[in-house]
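In case you want the letters, here they are:
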Amino acid sequence: MTANWEAFATAEPDLAATVEKRFGAYTHHVLATLRKDGSPRTSGLEVRFLNGELWLGMMSNSLKALDLRRDPRFALQANPGEGTGMGGGDVRISGRAIEVDDVETKAGYVEEVEPPEPFHLFRTELTEVVRTCVEDDTYLVVQVWTPGEPLRTVKRT
């Protein structure tokens, strides 16, 4: 089961706002894809939250784009920032990336983002959103959302 960003944000508005804030704090984040041989590849990436979707834009024929064309599964981790504070916690999103070739959709993205052209554009279908943070300097808190399920929160000492 998957959901787009809007469905997630509707189901869990507070967590969605925290996730967007974490991704908005820095420009570059880490995308994990699967290579042709099935081994993992990590790459830097900029992301955008526009019109109810989480978008992944990348250079034409980049290895990460070719990976996603072959196997759409991805994991995305927000840049943790400098030091070890990780204000707002560690945020990860997993799902499937679906390439968008629709001229009108890509034109709307270009108008908003002004990426170098040509480029690949992928919209995401989320399978999991996870936030890990420290609460009261005592608890490690892990929040896990998956489509169709209530938010799960685990506290560990």
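Cut-off values and rules
Residues numbered from 1 in each chain as written. Predicted model: local features only at pLDDT ≥ 70, side-chain atom pairs only at ≥ 80, totals over all residues. Heavy atoms only, no water. Helix = DSSP H or I, 4+ residues; strand = E, 2+ residues; numbered from the N terminus. Rg over C-alpha atoms; globule rule 2.2 N^0.38 Å. Buried < 20%, exposed > 50% of the residue type's maximum accessible area, 1.4 Å probe, protein only. Areas by Shrake-Rupley, 256 points an atom, 1.4 Å probe, with all protein chains shown as cover. Core = buried A, V, L, I, M, F, W, Y, C linked by side-chain atoms within 4.5 Å. Contact = heavy atoms within 4.5 Å. Pairing = 2+ DSSP bridges. Arc of directions from axis to C-beta. Expected span 1.5 Å × (residues − 1).

The next point concerns the overall build of the protein chain. Helix and strand counts for the protein chain stand at four helices and nine strands. For the protein chain, the succession of helices and strands along the chain, N to C, is α-α-β-β-β-β-α-β-β-α-β-β-β. For 157 residues, the compact-globule formula gives about 15 Å, and the C-alpha radius of gyration of the protein chain, at 16 Å, lands near that figure. Within the span of the protein chain, comprising 157 residues, buried residues form 39% of the whole. Per element, the accessible surface of the protein chain, about 8900 Å² overall, is 48% carbon and sulfur.

Bringing the nonpolar core into the picture now. By size, the foremost hydrophobic cluster in this structure holds 25 residues, and its most contacted members are Leu 56, Leu 76 and Ile 93. For this core, the elements supplying multiple residues, two or more each, are helix 1 (5–11), helix 2 (13–24), strand 4 (53–59), helix 3 (63–70), strand 5 (73–77), strand 6 (90–99) and strand 7 (119–135). The element that contributes the greatest number of residues to this core is helix 2, accounting for four residues. In this structure Ile 93 touches Trp 5, Val 19, Phe 23, Leu 54, Phe 74, Ala 75, Leu 76, Leu 126, Glu 128 and Val 129, once residues within four positions along its chain are discounted. Among the nonpolar cores identified, the runner-up in size contains seven residues, and Trp 55, Val 100, Tyr 109 and Phe 119 belong to it.

Below, the discussion takes up the pairing of strand 2 (residues 40–45). Burial along strand 2 is one-sided: the residues Arg 41, Ser 43 and Leu 45 are buried and none of Pro 40, Thr 42 and Gly 44 is. Note: strand 1 (residues 29–34) against strand 2, six bridges, orientation antiparallel. The partner of His 29 across the bridge, within strand 2, is Leu 45. Connecting strand 1 to the next strand, strand 2, in antiparallel fashion are five residues, including Gly 38 with a positive phi near 90°.

Now for the pairing of strand 7. Counting buried positions along strand 7 yields 12 of 17 residues, so the element is predominantly enclosed. Of the pairings in the sheet, the one linking strand 4 to strand 7 comprises five bridges and is antiparallel in character. The residue of strand 7 that forms the bridge with Leu 56 is Phe 122. Sheet topology places strand 6 next to strand 7; 10 bridges connect them, and they run antiparallel. Residue pairing across strands places Ile 98 opposite Arg 123, the latter belonging to strand 7.

Let us now look at helix 3. Burial in helix 3 covers these residues: Lys 64, Ala 65, Asp 67 and Leu 68. Summarising the axial view, the buried residues of helix 3 lie within an arc of 160°, below the 170-degree limit, and thus occupy one face. The inward-facing, buried residues of helix 3 abut strand 1, strand 2, strand 4, strand 5, strand 6 and strand 7.

Below, the discussion takes up helix 2. For helix 2, which comprises 12 residues, the first-to-last C-alpha distance of 16 Å matches the rise-based estimate of 16 Å (1.5 Å per residue) to within 8%. Within helix 2, the full set of buried residues consists of Leu 15, Ala 16, Val 19, Arg 22 and Phe 23. Each buried residue of helix 2 lies within a common arc of 125° when the element is viewed along its axis, so the set occupies one face. Residues of helix 2 that are exposed and angled more than 90 degrees away from the buried face: Asp 14, Lys 21 and Gly 24.

Worth remembering: the numbers are spatial, not functional.
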